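As a plain string of letters, each chain reads:
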Amino acid sequence: MTDRFHIDAATVRDLPCIMALERRGFAREIVEHHRVFRRRLATFPEGFLVLRDDATRRARGYLVTERWATDPDVDPASYALGHHPAPRYSPSGPVLYVASMTIEPALRGRRLGAFLFREGRARILRNVGGIERELLIVHDAWQAAQQLYASEGFVVRAVLPAFFPAVAAGRESAGGSSTAALLMERNLPRNEVATSANPLPAAAFPCP
Ligand SMILES: CC(C)(COP(=O)(O)OP(=O)(O)OC[C@H]1O[C@@H](n2cnc3c(N)ncnc32)[C@H](O)[C@@H]1OP(=O)(O)O)[C@@H](O)C(=O)NCCC(=O)NCCS
């Protein structure tokens, strides 16, 4: 399945497809504004990747990260949906915050999420260098995402109660009545901390 797709740098021309994926991936109350994605792309372009369909050139999944100067520990405000990435950013920051990812619903369950998460992060870590720790937030009801993160070595650091807005019952990605988040972390072994910094090739394709 993965041979129909490749991981590519996201560009501003991918944003319409990225926003369509965002709306299909998350309940309305959790969807982040396109401004937030633009800011992430402008602040840390090396950390924003798409899963590109070789035939159509469309983005069918995305993985977006932020590079932070410090680890904010369990402070919920630091992870709030919609936060501006620039104040936390440092070009030599040791923390990679995995801000969001999703796969086109029709393509889920075929290992594409695992491919994008594993290969995408490996590419970012290799290209930017100096990352010592990865952090992410996941809804405590999102089993597929939690399974994926655990299988990649992430462990739960803390539970953040009442982190997500309540979502109308019965909707996809609703998460029932729960609003809690798991804060997960992965510390890179010393020999995995890359030191090289190679620029990613840029590519731009329209979303027809
Ligand atoms: C999370 C998501 C990206 C996974 O993508 P995917 O392509 O369907 O996942 P894969 O087929 O690669 O499977 C990845 C892992 O999730 C598990 N998984 C997949 N669907 C699952 C489900 N419905 N329930 C439990 N586990 C599931 C797989 O068993 C696999 O685990 P393994 O690596 O231990 O074998 C996708 O489901 C998605 O976009 N969800 C909506 C948005 C979302 O929750 N994003 C995460 C935000 S934190």
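Counting from 1, residues in each chain are numbered in the order their sequence is written. Restriction of local features to residues with pLDDT of at least 70 applies here, the model being predicted, together with a cutoff of 80 or more for giving and counting side-chain atom pairs; totals for whole chains, interfaces and linings are based on all residues. Working from all heavy atoms in the structure, the side-chain values ignore hydrogens and water.

Two strands qualify as a pair provided that DSSP identifies no fewer than 2 bridges between them. A run of H or I in DSSP counts as a helix once it spans at least four residues, and a run of E counts as a strand once it spans at least two, with each numbered from the N terminus. The strand order S1-S2-S3-S4-S5-S7-S6 describes an open sheet built from seven strands, whose pairing is mixed. Both edges of this open sheet fall to strand S1 (5–9) and strand S6 (155–160), since each of them pairs with a single strand only. On average, each strand axis in the sheet is tilted by 25 degrees relative to the strand beside it, whichever way the strands run. By the bridge criterion, five bridges tie S6 to strand S7 (residues 181–187) in an arrangement that is antiparallel. Note on S7: the bridge partner recorded for valine 156 is methionine 184. Structural elements are reduced to axes, namely lines fitted to C-alpha atoms, with helices fitted over the stretch in contact, and the angle between N-to-C directions of any two is expressed from 0 to 180 degrees.

All right, on to the site of the ligand then. Here, proximity means that at least one heavy atom of the residue falls within 4 Å of the molecule or strand. Near the ligand lie 21 residues; those nearest to it are Thr102, Gly109, Gly113, Ala114 and Gln147. In the analysis that follows, any N or O atom pair within 3.5 Å is treated as a polar contact, provided that within protein one partner can donate a hydrogen and the other can accept it, and provided that, for residues neighboring in sequence, both atoms belong to side chains. One of the backbone N or O atoms of methionine 101 is found 2.9 Å from a nitrogen atom in the ligand. Contacts to the ligand include isoleucine 103, whose backbone N or O atom sits 3.0 Å from an oxygen atom. All accessible areas in this document rest on Shrake-Rupley with a 1.4 Å probe, and a residue is counted as covered only by the protein chains that are shown. About the coverage of the ligand: the protein hides 74% of its 930 Å² of free accessible area. We place a 1 Å grid over just the protein atoms. Points where a 1.4 Å probe fits but has no way out form a cavity, open points with protein on both sides within 12 Å along at least 5 of 7 lines form a pocket, and any residue with an atom within 4 Å of a point lines it. Throughout, a molecule is located in a cavity or pocket provided that more than half of its atoms lie within 2 Å of its grid points. Because more than half of its atoms lie within 2 Å of the grid, the ligand is assigned to the largest pocket.

The next thing to look at is unusual backbone geometry. At arginine 57, a residue that is not glycine, the phi angle is positive and equals roughly 70 degrees. Among the structural elements, arginine 57 can be located in the loop between strand S2 (48–53) and strand S3 (59–68). Residue arginine 57 is classed as partly exposed on the basis of its relative accessible area, which comes to 29%. With phi around 55 degrees, alanine 162 is a residue other than glycine that occupies positive phi space. Structurally, the position occupied by alanine 162 is in the loop between S6 and S7. Classification of alanine 162 as exposed rests on a relative accessible area of 63%. Three exposure classes are used, based on accessible area relative to the maximum for each residue type with a 1.4 Å probe and protein chains only: buried under 20%, partly exposed in between, and exposed over 50%.

Here glutamate 134 lies in strand S5 (residues 133–139). Within the structure, the side chain of glutamate 134 is placed 2.7 Å from the side chain of arginine 186, a separation counted as a polar contact. If we ignore the near neighbours within four places in the chain, the residues touching glutamate 134 are Leu96, Arg121, Leu125, Phe154, Met184, Glu185, Arg186 and Leu188. Throughout, a residue-residue contact means that at least one pair of heavy atoms, one from each residue, lies within 4.5 Å.

What follows is about the confidence of the model for the protein chain. Regions with low pLDDT should not have their predicted coordinates read in detail. As a per-residue measure, pLDDT reflects the predictor's confidence and takes values from 0 up to 100. Per-residue pLDDT for the protein chain has a mean of 91; in total, 89% of the residues score no lower than 70. In this model, residues 198–206 is a region of pLDDT below 50 whose contacts with residues beyond four sequence positions or in other chains number 19 contacts.

We define a salt bridge as a contact between a side-chain nitrogen of Lys or Arg and a carboxyl oxygen of Asp or Glu at a distance within 4 Å. Under the definition given, this model contains 16 salt bridges. Across the pair arginine 40 and glutamate 66 runs a salt bridge, and its minimum N-O distance is 3.0 Å. Of the two residues, arginine 40 sits in helix H2 (residues 34–43) while glutamate 66 sits in strand S3, which places them 26 residues apart along the sequence. Judged by its relative accessible area of 1%, arginine 40 falls in the buried class. The class of glutamate 66 is buried, set by a relative accessible area of 2%. Across the pair arginine 186 and glutamate 192 runs a salt bridge whose closest N-O atoms are separated by 2.7 Å. Of the residues examined, arginine 186 reaches a relative accessible area of 13% and is grouped as buried. Each of Arg118, Arg121, Glu134, Glu152, Arg186 and Glu192 takes part in salt bridges that share partners, so that together they form one network.

At a minimum axis distance of 10 Å, the contact between helix H1 (residues 15–25) and H2 shows a crossing angle of 125 degrees. Here H2 runs oblique to H1, going by the angle between their axes. As for the relative orientation of H1 and H2, their crossing is right-handed in sense. Listed contacts from H2 to Leu15, Ile18, Met19 and Glu22 of H1 are His34, Phe37 and Arg38. Of the residues contributing to the contact of H1 with H2, the split by class is four nonpolar, one polar and two charged. Put simply, angles under 35 degrees are roughly parallel, angles over 145 are roughly antiparallel, angles from 65 to 115 are roughly perpendicular, and the rest are oblique. Two helices cross in a left-handed way if the nearer one is turned anticlockwise from the farther one by less than a right angle. They cross in a right-handed way if the turn is clockwise. Amino acids outside the nonpolar list (Ala, Val, Leu, Ile, Met, Phe, Trp, Tyr, Cys, Pro) and the charged list (Asp, Glu, Lys, Arg) are all regarded as polar, and Gly is one of them.

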